[in-house]
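Descriptive analysis of the structure
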Amino acid sequence: MSEESTAEEVVEHGYARPMVRIRGLHKSFGDLQVLKGIDIDVKPGEVVCVIGPSGSGKSTLLRCVNLLERPTRGEIEVDGVVLTHRDCDLDKARRRIGMVFQQFNLFPHLTVLENVTVAMRKVLKVDKKTAVETARGQLASVGVGDKAGEYPARLSGGQQQRVAIARALAMRPHLMLFDEPTSALDPELVGDVLTVMRDLAESGMTMLVVTHEMGFAREVADRVVFMDDGVIVEEGAPAQVIGDPQHERTRTFLHRVLHPIDD
Amino acid sequence: MTDTLKAEPGPRTRTGLTPRQRRNFGVGGQYVALVAVVVIAIAVVDWSRIQDNFFNPDMLGKVWPELFTIGLVNTVIYTVSGYALGFFLGLLIAVMRLSSLRLNRLLAHGYIEIFRGVPALLVFLILAFGLPIAMPDRELPFPPYGTVALALGLVSAAYMAETFRAGIQAVPKGQIEAARSLGMSAPRAMVTIVLPQAIRIVIPPLTNELILLFKDSSLVFAIGITAGTADLSKIGNDLATEHSNSTPFVLAGLTYLLITVPLGYVVRRLEARQAKAR
């Protein structure tokens, strides 16, 4: 965190300023209401996993946090900046919000190293030498240090996703958003990516993760949020939400995910 | 086994022929027609005069080296300068065409409609004869090169803009989202992430445009250029007039083919490579 929470803030709010603060978030695509009033706080250093059936609005929620989708209504504040404010400099705010996509979205015309350095160079105006050093460090830390000179197409899905994580981390984000980061991966490659994410969580990164990996959510998340039909149905500690769900919809969903073939 | 299959008679048609018989009949008819044309050509045409007029080896020495040192060189200069202008203007118009500003989209749309819908010859004439009257004390640089480059550039920009637009739209939306999520502004994402990929996608059609422009550069003929600035077609025409022989036309044509055929081959190779990469 660039600035520590001051004593005044702690007194005022009773706790440190949340990294993410979402209030009354609504999002519609035409007549289709995807989010129907979402309120979430994510504390600094907290790892929150969002689970729920497809079409529940969880990806849209994540994409609203860095305003890739513009909310129809509601307020989103990240790291003390109100992103939904009319005068907010979104480009500047997004520098500190890393995002990892389901389809990786690496830049295919750039090498792995350039994928990681390009935003440092063009957005943060870091000099080339520093950018390359940082990038090499990040790539090594996610286990693809030997792929720096390759183009993304030559990498496996798991390697590509780890490069995408390194690309986001190189910007020194205060918050990382993960949008189903392992859903497009072959099963045997999922573990490598989840390991990187777990290490990141343990290093104290604030993370908001949309995922279907219940094992990851149970092990790594501080809090699990279950969404259905555009609203938060229930949230709490993973042991509680996944282990002892209170709502029928949560139970039905978890049963389908954890026992896909028996009825 | 095949014999039993063959023994089955095919369905009869109105003419009483099986489809196979009809097909053979059609192919035979084409050969007969071709032979007839050749026989008539041999009988009617005076081949020695044709050869003397169009394929006269003596003309080779008289055409060399102007056809290359002046004609081909000027054609290449006209084409390359017009293409360069058209490339950047086309890129600008394509980006305007996809702008979030309605005015930009309208301007770009209007430009494309006008310059695709008007004959290139007319653009040449307007720039060469209309513009000097409208602006008597101003002149396009390096006459007539500036005029030609501008005319070819204006026309090809309209076509290239549509090609670029298709290329930009072919870049997956996730690329822009990834760029924006890293804090890049929309213009920065366009320049650094989208355009390099878009241009790669449209290299084959852009090379096709180069071939078209190479041939269109012969339109300078209409604006009355001097001997030193003559292109391939003009020099072919001058030499043909001077020697009262059509061989220079043929040689000029062959010189065009010298460039266009290999370029066309390159385009097909690039297209095949892209098809394989998908």
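All figures in this text were calculated on a predicted structure; none of them were measured in a lab.

1. Brief notes about the nonpolar core
- Core analysis: the biggest nonpolar cluster contains 93 residues, and Leu83(A), Leu139(A), Ile165(A), Met176(A), Phe178(A), Met197(A) and Met207(A) have the highest contact counts within it.
- Filtering out sequence-adjacent residues up to four positions away, Met197(A) remains in contact with Ile165(A), Phe178(A), Pro181(A), Met207(A), Val209(A) and Phe216(A).
- Core analysis: the next-biggest nonpolar cluster, separate from the first, contains 38 residues, Tyr78(B), Ile93(B), Tyr111(B) and Met160(B) among them.

2. Observations concerning the interface of chain B and chain A
- Tallying the contact residues gives 18 residues for chain B and 23 residues for chain A.
- Looking at the side of chain B facing chain A, the largest losses of area belong to Glu177(B), Ser181(B) and Leu182(B), adding up to 34% of the total buried there.
- Between Arg63(A) and Glu177(B) there is a salt bridge, with its nearest N and O atoms 2.7 Å apart.
- Remark: the boundary between chain B and chain A carries 6 residue pairs in polar contact (both at pLDDT 80 or more).
- Of all the secondary structure elements, the ones that give two or more residues to the side of chain B that touches chain A are helix H9 (173-181) and helix H10 (186-201) of chain B.
- Element by element, the count of residues in the side of chain B that touches chain A is highest for H9(B), at 8 residues.
- Residue classes in the side of chain B that touches chain A are distributed as 6 nonpolar, 7 polar and 5 charged.

3. A short note on the side chain of Lys58(A)
Residue and element names in this part refer to chain A.
- Note that Lys58 resides in helix H2 (residues 58-65).
- Within the local environment of Lys58, its side chain forms a polar contact with the backbone oxygen of Gly52, the two atoms lying 3.1 Å apart.
- Lys58 has contacts with Val50, Ile51, Gly52, Pro53, Glu180, Val210, His212 and Met227, leaving out every residue within four places of it along the chain.

4. Remarks on the packing of aromatic side chains
All names here are of chain A.
- Here the structure, examined in full by the defined rule, presents 9 aromatic pairs over all chains.
- Note on Phe226 and Phe253: the rings are 5.3 Å apart at their centroids and 40° apart in plane angle, and the pair reads as tilted. Here Phe226, found in strand E9 (residues 223-228), pairs with Phe253, found in helix H10 (residues 248-258); they are 27 residues apart in sequence, far enough to count as distant. Across this residue pair, the class does not change: Phe226 and Phe253 are buried.

5. Notes on the pairing of strand E6 (residues 97-100) of chain A
Residue and element names in this part refer to chain A.
- Residues Ile97 and Met99 point to one face of E6 and Gly98 and Val100 to the other, with burial holding for every one of them.
- By the bridge criterion, 4 bridges tie E6 to strand E7 (residues 175-179) in an arrangement that is parallel. By the bridge assignment, Val100 is partnered in E7 with Phe178.

6. So, the pattern of salt bridges
- Taken as a whole and judged by the stated rule, the model has 24 salt bridges over all chains.
- Arg165(B) is paired through a salt bridge with Glu162(B); the nearest N and O atoms lie 3.2 Å apart. Pair noted here: Arg165(B) and Glu162(B) are both in helix H8 (residues 145-170), with a separation of 3 residues, about one helical turn.
- With a shortest N-O distance of 3.7 Å, Lys234(B) and Asp238(B) are connected by a salt bridge. Of this pair, Lys234(B) and Asp238(B) both sit in helix H12 (residues 232-243), 4 residues apart, which is roughly one turn of the helix.
- Lys234(B) sits in the buried class, given a relative accessible area of 17%.
- Each of the salt bridges in this network shares a partner with another, and the network as a whole consists of Arg63(A), Glu69(A), Lys173(B) and Glu177(B).

7. A word on the environment of Arg268(B)
Residue and element names in this part refer to chain B.
- Within the fold, Arg268 resides in helix H13 (residues 247-277).
- Residue classification places Arg268 among the exposed residues on the basis of a relative accessible area of 53%.
- Residues Arg268 and Pro204, 64 residues apart in the sequence, show an inter-C-alpha distance of 7.6 Å.

8. Focus: helix H4 (residues 112-122) of chain A
- For H4(A), a buried count of 8 out of 11 residues is recorded, marking the element as mostly surrounded by other parts of the structure.
- Residues of H4(A) that are buried include every one of Val112(A), Leu113(A), Asn115(A), Val116(A), Thr117(A), Val118(A), Ala119(A) and Met120(A), and no others.
- Of the surrounding elements, those touching the buried residues of H4(A) are helix H5 (128-141) and helix H6 (157-169) of chain A together with H10 of chain B.

9. Quick notes on the sheet that holds strand E5 (residues 81-82) of chain A
Residues and elements named next belong to chain A.
- Taken in spatial order, the 4 strands make up an open sheet running E2-E1-E4-E5, and their pairing is antiparallel. Pairing within the sheet leaves two strands with one partner each, and these edge strands are strand E2 (32-42) and E5.
- Direction of pairing for strand E1 (residues 20-29) relative to E2: antiparallel, over a ladder of 8 bridges. The partner of Arg21 across the bridge, within E2, is Asp41.

10. Side note on the packing of H8(B) against H10(B)
Residue and element names in this part refer to chain B.
- Where H8 contacts H10, the axes come no closer than 8 Å and their chain directions differ by 115°. Viewed along their axes, H8 and H10 adopt a mutual orientation that is roughly perpendicular. Crossing of H8 against H10: the hand is right-handed. In this structure, H8 uses Phe164, Gly167, Ile168 and Ala170 to contact H10, whose residues at the interface are Met190, Val194, Leu195, Ala198, Ile199 and Ile201.
- Classifying every residue of the contact of H8 with H10 by side-chain character gives 9 nonpolar, 1 polar and no charged.

11. Side note on the UniProt feature "domain: ABC transporter" (unreviewed entry) in chain A
- When the UniProt feature table is mapped onto this chain, "domain: ABC transporter" (unreviewed entry) is found at residues 20-254 of chain A.
- Secondary structure over residues 20-254 of chain A splits into 36% helix and 26% strand, and the C-alpha atoms at its two ends are 26 Å apart.

12. Observations regarding the environment of Gly228(B)
All names here are of chain B.
- Here Gly228 is to be found in the loop between helix H11 (203-216) and H12.
- When the C-alpha atoms of Gly228 and Ile70 are compared, they prove to be 6.7 Å apart, with 158 residues separating the residues in sequence.
- Excluding residues within four positions of it along the chain, Gly228 makes contact with Ile70, Asn74 and Tyr145.

Calculation notes
- Residues numbered from 1 in each chain as written.
- Chains lettered and ligands numbered in written order.
- Predicted model: local features only at pLDDT ≥ 70, side-chain atom pairs only at ≥ 80, totals over all residues.
- Heavy atoms only, no water.
- Core = buried A, V, L, I, M, F, W, Y, C linked by side-chain atoms within 4.5 Å.
- Buried < 20%, exposed > 50% of the residue type's maximum accessible area, 1.4 Å probe, protein only.
- Contact = heavy atoms within 4.5 Å.
- Buried area = accessible area lost by both parts, 1.4 Å probe.
- Salt bridge = Lys/Arg side-chain N within 4 Å of Asp/Glu carboxyl O.
- Polar contact = N/O pair within 3.5 Å; in protein donor to acceptor, adjacent residues only side chain to side chain.
- Helix = DSSP H or I, 4+ residues; strand = E, 2+ residues; numbered from the N terminus.
- Nonpolar A, V, L, I, M, F, W, Y, C, P; charged D, E, K, R; others polar.
- Phe/Tyr/Trp six-rings, centres within 6.5 Å; stacked < 30°, edge-to-face > 60°.
- Pairing = 2+ DSSP bridges.
- Axes fitted to C-alpha atoms, helices over the stretch in contact; angles between N-to-C directions.
- Parallel < 35°, antiparallel > 145°, perpendicular 65-115°, else oblique.
- Left-handed = near helix turned anticlockwise from the far one by under 90°.
- UniProt positions renumbered as here; feature names shortened; annotations may be inferred.

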